[in-house]
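Given next are the chains, with one letter for each unit.
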Amino acid sequence: MSNVAIGEKRLHLPLIQGGMGVGVSLSRLAGHVAKCGAMGVISSAQIGFRESDFAYHTKEANRRAILQEVKKAKEIAEGHGLIGMNIMVALRDYKQHVQAAIEAGVDCIISGAGLPLSLPSLVKDTNVKIAPIVSSSKACEVILKSWHRKYQRVADFIVIEGSLAGGHLGFLLENIQNNSTQKLLDILGEVKAVVRKYEALYHQKIPIFVAGGIYTNDDIKQALTAGADGVQMATRFIATDECDASDAFKQAFINAKRKIFQSSIHQLACRQERYQHYF
Ligand SMILES: Cc1cc2nc3c(=O)[nH]c(=O)nc-3n(C[C@H](O)[C@H](O)[C@H](O)COP(=O)(O)O)c2cc1C
């Protein structure tokens, strides 16, 4: 498998471990993934939930946890791979999370669950690489056009989430339910056409990672053959020893039947996890 350059930073494996909240991908998972030469991603969603003052000083507890988790992840990674932070646009304290991630020294920030239109201004004058998560070429175009017009800045890489990805996707529920969403590798083809224009404009390669339902070596090969520069995988990491989730959470994924929607399992398991920590 080939290296992927993200600006002057380098991934020895073309793989991003997708950010998973709440508390599913923290320093342990992200650090060990980075140690293997890939990108380990911490999710900032309610990351401070283990802090004793989380219920009263949520903002401060989240900030503190961002700093601690990045520090620990970097120690585990021992200088290998990259450490990223997934910060959802929909978070109330989006700007503060981005600022804390920069202060903590992350290599990259990946933002979805909304259009991260202000992200370039938040990382201005830093060396932090930025990527939007998109589910269509239209969303990709809107973001890249806006970043170019407002900030003369382009994405350092792109993550495309197809309809099989866990998370907050840009698809209609009814299209997911009747299996009529655009296929991930078809979206890839259209996003590549959009990205090509900006690569020419900025004289810069913009790697594209595809996500959603990628589990096996063959899945990865298929994505790379179709023209992706790498893949983002999340669910596959949950049942690992290194994953930061509780054993009950991991077990829920192991027990899950294929017919159940992945997103339902995700939401169920998140609730279990939350309850476990509160009571
Ligand atoms: C348990 C779980 C939690 C997730 N949390 C987040 C999150 O906090 N922010 C986000 O942008 N995506 C989140 N995702 C989406 C992943 O980052 C990833 O893109 C997606 O799950 C990839 O598909 P896969 O799980 O089939 O590999 C989550 C996914 C899972 C399974």
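Whatever comes next refers back to the structure up there.
Residues numbered from 1 in each chain as written. Predicted model: local features only at pLDDT ≥ 70, side-chain atom pairs only at ≥ 80, totals over all residues. Heavy atoms only, no water.

Asks: I'd like a description of the overall build of the protein, backed by residues and values.
Replies: If you tally the helices and strands in the protein, you get 10 helices and 10 strands. Here the C-alpha atoms of the protein give a radius of gyration of 18 Å, agreeing with the 19 Å that 2.2 N^0.38 yields for 279 residues. Taking the principal axes of the C-alpha coordinates as reference, the protein spans close to 55 × 45 × 35 Å. The buried share of the protein, taken over its 279 residues, is 50%. (Helix = DSSP H or I, 4+ residues; strand = E, 2+ residues; numbered from the N terminus. Rg over C-alpha atoms; globule rule 2.2 N^0.38 Å. Buried < 20%, exposed > 50% of the residue type's maximum accessible area, 1.4 Å probe, protein only.)

Asks: Lay out the pattern of salt bridges with the relevant residues and their values.
Replies: Considering all chains together, one arrives at 13 salt bridges under this definition. Between Lys35 and Glu78 there is a salt bridge, and its shortest N-O distance comes to 3.8 Å. Within this pair, whereas Lys35 is found in helix H1 (residues 27–35), its partner Glu78 is found in the loop between helix H2 (58–77) and strand S5 (82–86), the two being separated by 43 residues in sequence. Residue classification places Lys35 among the partly exposed positions, given a relative accessible area of 36%. If you follow the salt bridges from partner to partner, you end up with Glu51, Asp53 and Arg64 in one network. (Salt bridge = Lys/Arg side-chain N within 4 Å of Asp/Glu carboxyl O.)

Asks: Could you give an account of the sheet that holds strand S9 (residues 208–211), naming the residues involved and the relevant values?
Replies: Sheets are built from strands that pair by backbone hydrogen bonding, the pairs being arranged parallel or antiparallel. Around the barrel, which closes on itself, the eight strands sit in the order S3-S4-S5-S6-S7-S8-S9-S10 with parallel pairing between neighbours. Strand-to-strand twist in this sheet, taken as the mean axis angle between neighbours without regard to direction, amounts to 25°. Of the pairings in the sheet, the one linking S9 to strand S10 (residues 230–233) comprises three bridges and is parallel in character. Paired with Val210 across the strands is Val231, a residue of S10. Relative to the sheet, H1 contacts strand S3 (15–17), strand S4 (39–43) and S5, its axis offset from that of S4 by approximately 165°. (Pairing = 2+ DSSP bridges. Axes fitted to C-alpha atoms, helices over the stretch in contact; angles between N-to-C directions. Contact = heavy atoms within 4.5 Å.)

Asks: How would you explain the pairing of strand S6 (residues 108–111) if you had to name every residue and give the values?
Replies: Alternating residues of S6 divide into Cys108 and Ile110 and Ile109 and Ser111, and every residue in both groups is buried. Where S5 meets S6, three bridges bridge the pair, whose relative direction is parallel. What sits directly across from Gly84, in S6, is Cys108. In this fold, S5 hands off to helix H3 (residues 94–104), which returns the chain to S6; that crossover is right-handed. Where S6 and strand S7 (residues 129–134) come together, four bridges link them in parallel fashion. Looking across to S7, one finds that Cys108 is bridged to Lys129. (Right-handed = clockwise from strand over helix to strand, strands pointing away.)

Asks: Could you give an account of unusual backbone geometry, with specific residues and numbers?
Replies: Glycine aside, residues mostly have negative phi angles, and peptide bonds mostly take the trans form. Following Gly21, the chain continues to Val22 via a peptide bond in cis, the omega torsion being -10°. With respect to the element layout, Val22 can be found in the loop between S3 and H1. In this structure, Glu78 is a non-glycine residue whose phi angle is positive, near 50°.

Geometric descriptors of this kind do not, in isolation, establish any biological role.
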